[in-house]
Amino acid sequence: MNKVIKTIVRMMTPSVLFLVLYKFLGLQLSVLITCAISFLLLLLDVFKEKRITNSAIIGAIGLAFQVVSAFCVGYEKLYYVPALVQNCVIMFLVLSLCIQSKSVFLYVVKDFDFKIFKKMSDEELLPLNYLWVAFCLLKIFAKVSGMVALDFISMYWLVFLFGTPLNLITIVLSYFYVKKKLN
C-alpha cells in the first residue's frame, strides 16, 4: 500500500507545486521550474527501474507538452492548448490499445505490480476500455469548454480535478470491476 500512496503523491505533487509557484512567480517561470523538477524525477525513475516503464512513457508525453505550454505565455488560455493536444495524443494511445484488443487498465497499472492484476487477461478487461475512452473524452471536453468559458485559475482547478483525481477515480472503478470479475 505504501507504493500506491507514494505513486499518488508523486502524481499530484507537480500540479500542486505548479499552483504554488504560479501564485508567487508567474506562469512561465512556474512551468519551467515544474518541468525541470518533473524531468529530473522522470530520469530518476528510469535509472532506478533500469527500464522504461509505462508510467515513464505517459509521464514523458505529459512533460513534453508541459514544456511547450511554457512558451504559450501572453494569453494564459493558450497554456492549455498543449494540454488539450496531449489529451488527444493519450486518446490516440487509448484507441490504439482498444484496436489491438489490449486492456487500457492493465497498461496503466502494469507498473504497480499487483498480483491481482496479473491473474487477469486483456480479453477479460476489454469492457473497461469504454470507461477509459470516456475518461479521455471527458478530459478533452473539460479543456475545450474551460478554454471558452473560464478564467485561468478556474480553468486550472477544472483541469486539476479532471486530471489526477479523476484518473484515480477511474483506476478505483476499474479495480472494483476487476475485483468483482475475480469473485
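Each remark here, short or long, concerns the structure printed above.
Residues numbered from 1 in each chain as written. Predicted model: local features only at pLDDT ≥ 70, side-chain atom pairs only at ≥ 80, totals over all residues. Heavy atoms only, no water.

### Here we look at the overall build of the protein
- Assigned secondary structure in the protein consists of ten helices and zero strands.
- Order of helices (α) and strands (β) in the protein, N terminus to C terminus: α-α-α-α-α-α-α-α-α-α.
- Counting only residues that meet the buried cut, the protein has 40% of its 183 residues in that class.
- For the protein, the proportion of contacts with a sequence separation of at least 24, taken over those separated by at least 6, is 71%.
- A total accessible area of about 10,700 Å² is found for the protein, and carbon and sulfur atoms account for 72% of it. (Helix = DSSP H or I, 4+ residues; strand = E, 2+ residues; numbered from the N terminus. Buried < 20%, exposed > 50% of the residue type's maximum accessible area, 1.4 Å probe, protein only. Contact = heavy atoms within 4.5 Å. Areas by Shrake-Rupley, 256 points an atom, 1.4 Å probe, with all protein chains shown as cover.)

### Description of helix α8 (residues 128-149)
- If you check α8, its first and last C-alpha atoms are 31 Å apart, about what 22 residues at 1.5 Å a residue would give, namely 32 Å.
- Within α8 the residues assigned to the buried category are Leu128, Asn129, Trp132, Val133, Phe135, Cys136, Lys139, Ile140, Ala142, Lys143, Gly146 and Met147.
- On its buried side, α8 packs onto α4 (80-99), α5 (104-109), α7 (122-125), α9 (152-161) and α10 (164-182). (Expected span 1.5 Å × (residues − 1).)

### Observations concerning the packing of aromatic side chains
- On inspection of all chains with the given rule, the structure shows two aromatic pairs.
- Judged by centre distance (5.6 Å) and plane angle (75°), the rings of Trp132 and Phe135 are edge-to-face. With Trp132 and Phe135 both in helix α8, this residue pair falls three residues apart, about one helical turn. Residues Trp132 and Phe135 agree in their burial class; the two are buried. (Phe/Tyr/Trp six-rings, centres within 6.5 Å; stacked < 30°, edge-to-face > 60°.)

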